[in-house]
Amino acid sequence: MKNLFIVESPSKAKTIQKYLGDDYKVLSSYGHIRDLAKSDMSIDIEHQYEPKYQVGEDKHKLVVELKREAKKAEVVWLASDEDREGEAIAWHLRETLEIAPEKAKRIVFNEITKGVILEALEHPRDIDMNLVNAQQARRVLDRLVGYEISPILWQKIKPSLSAGRVQSVAVRLTVEREEEIKNFKAKSNYRIVGFFDDNGRTLQAECTQRPADETQAHLLLESLAGKDFAVCNLVTKPARRSPAAPFTTSTLQQEASRKLGYSVSRTMQLAQQLYEGGHITYM
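Residues numbered from 1 in each chain as written. Predicted model: local features only at pLDDT ≥ 70, side-chain atom pairs only at ≥ 80, totals over all residues. Heavy atoms only, no water.

## A look at the packing of aromatic side chains
Step number 1: One pass over the structure, following the stated rule, counts two aromatic pairs.
Step number 2: With centroids separated by 6.3 Å and ring planes inclined at 75°, the aromatic side chains of tyrosine 53 and tryptophan 91 adopt a geometry described as edge-to-face. Of this pair, tyrosine 53 sits in strand E6 (residues 53–55) while tryptophan 91 sits in helix H3 (residues 84–96), and the two are 38 residues apart along the sequence.
Step number 3: We note arginine 34 situated over the ring of tryptophan 91; from NZ or CZ to the ring centre the distance is 5.4 Å.
Step number 4: The cationic tip of arginine 266 hangs over the ring face of tyrosine 262; the distance from NZ or CZ to the ring centre is 4.0 Å. (Phe/Tyr/Trp six-rings, centres within 6.5 Å; stacked < 30°, edge-to-face > 60°. Helix = DSSP H or I, 4+ residues; strand = E, 2+ residues; numbered from the N terminus. Lys NZ or Arg CZ within 6 Å of the ring centre and 35° of its normal.)

Next comes the structure, spelled out in structure tokens:
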């Protein structure tokens with residue numbers, strides 16, 4: 001076996017194995033193979049916030065298998081997803097399996113078809129450490145915020161709630177916006193619209209001034225009464241209608257909920273199955 005090809009999903013691995021033949025062995029990492037330890041913060045704050053990783057208990061057997069196969073292979077193709085999580089998975093695989101950098105090849109693709117897979121094999125690259133560090137920063141922030149704020153939620157609201165770098169800030173923005181709404185003082189104004197007869201056709205025009213009270217509105221109406229009005233400019237523009245943009249993750253979830261009543265989890269499960277089957281591209 002000359003080539004070990006590692007992807008994230010086992011169903012994706014089965015599809016790709018059919019395309020590559022006997023010179024490749026396609027295995028799955030089942031997502032991340034290591035993460036921050038759960039027992040403590042696992043971040044060395046005094047030394048540049050260095051994360052401390054460990055292989056999960058449920059991944060020890062898998063890591064042993066992958067390490068064994070990696071040693072037998074001439075080339076290890078790290079084919080995790082094309083995003084920062086996928087890039088981090090590729091880096092964790094290389095580090096944990098102790099693969100020499102010159103032996104590890106990073107490839108990416110956004111659809112699972114034979115042509116695209118073979119094309120990706122022709123254009124390997126190095127692991128993008130900028131993406132890896134972006135993922136590490138996200139993970140470290142999640143842990144720092146979660147460990148500080150989650151215990152407060154347990155005391156004040158309900159046990160077992162969790163806080164993170166996104167939802168914590170989102171809650172604050174929501175609260176601040178709600179306070180603005182409560183403190184908002186409504187101001188009324190008057191909208192004046194005129195209707196004009198043009199040889200049996202009714203034209204409508206709106207006054208650009210918005211009087212603040214009824215007295216000012218009546219004064220404006222009186223000043224306009226008896227005046228002559230004319231159309232001083234007419235602009236005709238061609239209308240263009242573009243097809244709907246391809247779905248993103250969020251728009252797919254919105255449409256599936258609105259038209260089909262699907263939950264977010266069901267939508268993403270179906271999308272993942274379609275992607276792994278080679279029917280849609282990566283979103």
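So, next bit.
## Description of helix H9 (residues 264–276)
Step number 1: Between its first and last C-alpha, H9 extends 18 Å over 13 residues, near the 18 Å set by a 1.5 Å rise per residue.
Step number 2: Among the residues of H9, Thr267, Ala271, Tyr275 and Glu276 are the ones counted as buried. Buried residues in H9, looked at end-on, bunch into an arc of 160°, giving them a common side.
Step number 3: Tucked inside the fold, the buried residues of H9 contact helix H1 (10–20) and helix H8 (249–260).
Step number 4: One or two steps after H9, the chain reaches glycine 278, where phi turns positive at roughly 80°. (Expected span 1.5 Å × (residues − 1). Buried < 20%, exposed > 50% of the residue type's maximum accessible area, 1.4 Å probe, protein only. Arc of directions from axis to C-beta. Contact = heavy atoms within 4.5 Å.)

## Points about the side chain of arginine 106
Step number 1: Here arginine 106 lies in strand E8 (residues 104–106).
Step number 2: According to the relative accessible area criterion, arginine 106 is buried, its value standing at 1%.
Step number 3: A polar side-chain atom of arginine 106 sits 3.2 Å from the main-chain carbonyl oxygen of leucine 78. (Polar contact = N/O pair within 3.5 Å; in protein donor to acceptor, adjacent residues only side chain to side chain.)

## Let's talk about the state of the cysteines
Step number 1: Throughout the structure, instances matching the rule amount to zero disulfides.
Step number 2: With no disulfide of its own, cysteine 207 has cysteine 232 as its nearest cysteine by sulfur position, at a separation of 14 Å. (Disulfide = S-S within 2.5 Å.)

## Re the pattern of salt bridges
Step number 1: Across all of its chains, the model carries 17 salt bridges by this definition.
Step number 2: Here lysine 72 and glutamate 69 are joined by a salt bridge, their closest N and O atoms 3.5 Å apart. One end of the pair is lysine 72 and the other is glutamate 69, both in helix H2 (residues 60–72) and three residues apart, which spans about a single turn.
Step number 3: Looking at glutamate 69, the relative accessible area reads 4%, which means it is buried.
Step number 4: Taken together, the shared-partner salt bridges connect Glu85, Arg138, Asp142 and Arg165 into one network. (Salt bridge = Lys/Arg side-chain N within 4 Å of Asp/Glu carboxyl O.)

## A closer look at the packing of H8 against H9
Step number 1: Where H8 meets H9, the closest approach of the two axes is 9 Å, and the angle between their N-to-C directions is 120°. Comparing their axes, H9 and H8 come out oblique. Here H8 runs over H9; the crossing is right-handed. Packed against H8, whose contacting residues are Thr249, Leu252, Gln253 and Ala256, the element H9 presents Val264, Thr267, Met268 and Ala271 at the interface.
Step number 2: Grouping the constituent residues of the contact of H8 with H9 by class yields five nonpolar, three polar and no charged. (Axes fitted to C-alpha atoms, helices over the stretch in contact; angles between N-to-C directions. Parallel < 35°, antiparallel > 145°, perpendicular 65-115°, else oblique. Left-handed = near helix turned anticlockwise from the far one by under 90°. Nonpolar A, V, L, I, M, F, W, Y, C, P; charged D, E, K, R; others polar.)

## Describing the nonpolar core
Step number 1: With 27 residues, the main nonpolar core has Leu4, Ile6, Leu66, Val76, Leu78, Leu93 and Leu97 as its most contacted residues.
Step number 2: Mapped by element, the contributors of at least two residues to this core are strand E1 (3–7), E6, H2, strand E7 (75–78), H3 and helix H5 (129–156).
Step number 3: Leu20, Tyr24, Val26 and Ile117 belong to the second largest nonpolar core, which has 17 residues in total. (Core = buried A, V, L, I, M, F, W, Y, C linked by side-chain atoms within 4.5 Å.)

## Concerning unusual backbone geometry
Step number 1: Positive phi outside glycine occurs at serine 42, with the angle close to 60°.
Step number 2: Looking at the secondary structure, you find serine 42 in the loop between strand E3 (34–36) and strand E4 (43–44).
Step number 3: One non-glycine residue with positive phi stands out, namely serine 160, at about 75°.
Step number 4: Here serine 160 is to be found in the loop between H5 and helix H6 (167–183).
Step number 5: Owing to a relative accessible area of 71%, serine 160 belongs among the exposed residues under this scheme.

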